[in-house]
Amino acid sequence: MREHLASCAACARVETAERALTEVLEQRLPQHPAALGLKLRLAAQWPAAAPPRRSWRRLMAPALVAAAVVLATTPLLYQRFVVAPAQRDALVTEAVNDHVRVLLSERPMEAESGDIHQVKPWFAGRLDFAPAVAFGGDGEFPLRGGAVGYFLDRRAAVFLYSRRQHAISLFVVRAEGLPWPANRLETSSRGFRVIVWRAGELGYLLVSDVDAGELRTLAAKVMGESA
Amino acid sequence: MEDSARDVGAFGREALAYADTLHNLAHYLTGNEPDAQDLVQETYARALRSLHQFTPGTNLKAWLCRILRNTFLSEYRRRRGSPVVGGLDTVAPVHDVADRELDALRKVVAEELEAALMTLAEDARTVILLDLEGLTEVEVAEVMGCAVGTVKSRLSRARAALRRRLGDDAH
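All values reported here derive from a predicted model rather than from experimental measurement. (Residues numbered from 1 in each chain as written. Chains lettered and ligands numbered in written order. Predicted model: local features only at pLDDT ≥ 70, side-chain atom pairs only at ≥ 80, totals over all residues. Heavy atoms only, no water.)

## Some details on the overall build of chain A
No. 1: For chain A, the count of helices and strands is seven helices and seven strands.
No. 2: Along chain A, helices and strands appear, N-terminal first, in the series α-α-α-α-α-β-α-β-β-β-β-β-β-α.
No. 3: Evaluated residue by residue, chain A yields a buried proportion of 41% over its 227 residues.
No. 4: When contacts within chain A are restricted to residue pairs at least 6 apart in sequence, long-range pairs at least 24 apart make up 59% of them.
No. 5: As presented, chain A carries roughly 12,400 Å² of accessible surface, and 54% of it is formed by carbon and sulfur atoms. (Helix = DSSP H or I, 4+ residues; strand = E, 2+ residues; numbered from the N terminus. Buried < 20%, exposed > 50% of the residue type's maximum accessible area, 1.4 Å probe, protein only. Contact = heavy atoms within 4.5 Å. Areas by Shrake-Rupley, 256 points an atom, 1.4 Å probe, with all protein chains shown as cover.)

## Overview of the packing of helix H7 (residues 122-132) of chain B against helix H8 (residues 137-144) of chain B
Residues and elements named next belong to chain B.
No. 1: Relative to each other, H7 and H8 sit at 145°, their axes nearing to 10 Å. Judged by the twist between their axes, the crossing of H7 over H8 is right-handed. In this structure, H7 contributes Asp-123, Thr-126, Val-127 and Leu-130 to the contact, and H8 contributes Val-140, Val-143 and Met-144.
No. 2: Within the contact of H7 with H8, the residues separate by chemical class into five nonpolar, one polar and one charged. (Axes fitted to C-alpha atoms, helices over the stretch in contact; angles between N-to-C directions. Left-handed = near helix turned anticlockwise from the far one by under 90°. Nonpolar A, V, L, I, M, F, W, Y, C, P; charged D, E, K, R; others polar.)

## Focus on the packing of aromatic side chains
Residue and element names in this part refer to chain A.
No. 1: A full pass over the atoms with the stated rule returns five aromatic pairs over all chains.
No. 2: An aromatic cluster is present here, built from Trp-122, Phe-123 and Phe-159 joined pairwise through their rings.
No. 3: Across from the ring centre of Phe-141, 5.5 Å away, lies the NZ or CZ of Arg-163, which sits over that ring. (Phe/Tyr/Trp six-rings, centres within 6.5 Å; stacked < 30°, edge-to-face > 60°. Lys NZ or Arg CZ within 6 Å of the ring centre and 35° of its normal.)

## Here we look at the environment of Gly-149 of chain B
No. 1: Along the chain, Gly-149 of chain B falls in helix H9 (residues 148-169).
No. 2: Sequence separation of Gly-149 of chain B and Glu-137 of chain B is twelve residues, and the distance between their C-alpha atoms is 8.5 Å.

## Some details on the environment of Leu-162 of chain B
No. 1: Secondary-structure assignment places Leu-162 of chain B in helix H9.
No. 2: On the basis of relative accessible area, Leu-162 of chain B is assigned to the buried category, the value being 0%.
No. 3: In sequence terms Leu-162 of chain B and Ala-116 of chain B are 46 residues apart; their C-alpha atoms lie 6.6 Å from each other.
No. 4: When residues no more than four places from it in sequence are discounted, the contact partners of Leu-162 of chain B are Leu-21 and Leu-25 of chain A together with Ala-116, Leu-117, Leu-120 and Ile-128 of chain B.

## Brief notes about the sheet that holds strand E1 (residues 111-112) of chain A
Residues and elements named next belong to chain A.
No. 1: Taken together, the seven strands give an open sheet; going across it, the order is E1-E2-E3-E4-E7-E6-E5, and neighbouring strands pair in antiparallel fashion. Sheet topology places E1 and strand E5 (185-189) at the edges, where each strand pairs with a single neighbour.
No. 2: In the packing of helix H6 (residues 116-123) onto the sheet, contacts are made with E1, strand E2 (143-151) and strand E3 (154-163), and the angle to E2 comes to roughly 20°. (Pairing = 2+ DSSP bridges.)

## A short note on H6 of chain A
Residues and elements named next belong to chain A.
No. 1: Considered for burial, the residues of H6 that qualify are Ile-116, Val-119, Trp-122 and Phe-123. Angular distribution of buried residues about the axis of H6 spans 130°; they occupy a single face of the element. In H6, those exposed residues whose orientation departs by more than 90 degrees from the buried face are His-117 and Gln-118.
No. 2: Elements in contact with the buried residues of H6: E1, E2 and E3.
No. 3: Where H6 begins, the side chain of Asp-115 points an oxygen toward the backbone nitrogen of His-117, at a separation of 2.8 Å. (Arc of directions from axis to C-beta. Polar contact = N/O pair within 3.5 Å; in protein donor to acceptor, adjacent residues only side chain to side chain.)

## A word on the side chain of His-99 of chain A
No. 1: Mapped onto the fold, His-99 of chain A is located in helix H5 (residues 75-104).
No. 2: Within polar-contact distance, the side chain of His-99 of chain A engages the side chain of Ser-169 of chain A at 2.7 Å.

## A closer look at the side chain of Arg-28 of chain A
No. 1: Topologically, Arg-28 of chain A is positioned in helix H2 (residues 9-28).
No. 2: Separated by 3.2 Å, the side chain of Arg-28 of chain A and the backbone oxygen of Arg-106 of chain B make a polar contact.

## Topic: the confidence of the model for chain A
Residue and element names in this part refer to chain A.
No. 1: This prediction gives chain A a mean pLDDT of 81; 79% of its residues lie at or above 70.
No. 2: When mean pLDDT is compared element by element in chain A, strand E7 (residues 202-208) scores highest at 95, while helix H4 (residues 55-73) scores lowest at 58.
No. 3: Predicted confidence is poor over residues 49-53, with pLDDT under 50, and the contacts of this stretch with residues over four places away or in other chains come to 16 contacts. (pLDDT = per-residue confidence, 0-100.)

Structural data, given as structure tokens:
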């Protein structure tokens, strides 16, 4: 096969094209993961797993019964300690996925500009909300532009900042219907740092691989000037 | 009884891990988000009803993909009375590639790639996506209900059609 490709220019070109097609399909074809709401509906329709049978269960039975009673009779506790963390994990996962899509995109920014007064008006007519972001970048975190993306089941305003050679994505979405943490959440997922917060009707998700302190500094600038 | 419930629950957890894969396939089959969500939900409902038909040790992802595609073909196309999205005929694999086709491949952006894929016939789109998911030719053949040899030729023709479409767009 190799010998033939070495001596046949036409077949070599087809082989090159096939490899190029595989590469672009793997790296550039948009992926459409299931929305959080759909996953929750699917999980709800599937019977839950029964716990494994172990001898310690008999010893722990009274405590388990008590815990079950508390959980069953206190939906708020169940929501807070069982459902909400899982939903917030999904929120963080989506933010990281979207950030990776930005990094992989050939044209991550639809509105390339370092001027917030050019980027924000660009969103008019493209979103059903006005992204309240006033921080237009500075020497530490220059603004590179904006784009419209999708976050779970809704449109998102994407602002791209940078720190040295690192890209930082800020996703701004309508907050309604999503499980925002009560206070600002700082976490990490798959090597990326994520800061999540809600301000009024909007939710904010900041994602990057910069140091935690640097991302916190940018979050403070965005929060301070977004009020 | 308890073992049975545990089996169903464990099976469910494994099955739900493929929700993103199934939704992605559903999106490229239906062409829109509401129908994709309906299709995925119906797929899981059917899978739950057909658990006894799954052969342990075989590929669960392929089994779910087969249910999803069959559901799409039987339910959506018939119920909505509308043609399947896309439909450009596939072409025989070409034995030469023009410069503009290679250039187009190197420069194509995500939106163009998605749009080009959506112009292909349903079976061409499906075979490309299943191949991307890492399913073997045998598994793809089971999903699509055809012979392994047919999968090879369909995949080759589908990829040739996609390359040509991208090359045409670059014109």
